[in-house]
Amino acid sequence: MQNMGDYSLLASLAGIYVLVIFRYQATPRYLLIATVIFAVIYFVWGVIHHLKNKNFHAKIVLEYFLVALLGVAIVSTLLI
């Protein structure tokens, strides 16, 4: 329950990302830019979230980085 605000923020940002995807679905460049921006936001959110919860480790940074990178890779290959 203590992390409800963190997860609500992430869900709101993801919702905005989905709206942007639908709005600019005909423009691959904008989709890629939006995806990279969301990936960076997701990565930063994860780091801040774990710093607040005092369970921050290098493995967590690597995990969030790799998931964000995977998301960008998947979207960018779908756009080609």
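The shown structure was predicted, so the numbers you read here are calculated from the model rather than taken from an experiment.

Thresholds, definitions, all that
Residues numbered from 1 in each chain as written. Predicted model: local features only at pLDDT ≥ 70, side-chain atom pairs only at ≥ 80, totals over all residues. Heavy atoms only, no water. Helix = DSSP H or I, 4+ residues; strand = E, 2+ residues; numbered from the N terminus. Buried < 20%, exposed > 50% of the residue type's maximum accessible area, 1.4 Å probe, protein only. Polar contact = N/O pair within 3.5 Å; in protein donor to acceptor, adjacent residues only side chain to side chain. Contact = heavy atoms within 4.5 Å. Expected span 1.5 Å × (residues − 1). Arc of directions from axis to C-beta.

Colleague: Lay out the side chain of H50 with the relevant residues and their values.
Modeller: In this fold, H50 is placed in helix α2 (residues 28–52). Given the relative accessible area of 13%, H50 is considered buried. A polar contact is formed between the side chain of H50 and the side chain of Y64, at a distance of 3.3 Å. With residues up to four places along the chain from it excluded, the contact list for H50 reads N55, F56, I60 and Y64.

Colleague: Summarise helix α3 (residues 58–79); cite the residues concerned and give the values.
Modeller: An α-helix turns once every 3.6 residues. As a result, residues three or four positions apart point the same way. Between its first and last C-alpha, α3 extends 32 Å over 22 residues, near the 32 Å set by a 1.5 Å rise per residue. Among the residues of α3, those classed as buried are I60, Y64, A68 and V72. On an axial view of α3, the arc spanned by its buried residues comes to 100°, and they lie on one face. Facing away from the buried side of α3, by more than 90 degrees, are the exposed residues A58, K59, L70 and T77. Those residues of α3 that are buried lie in contact with α2.

Don't take any of this as a statement about function, it's just geometry.
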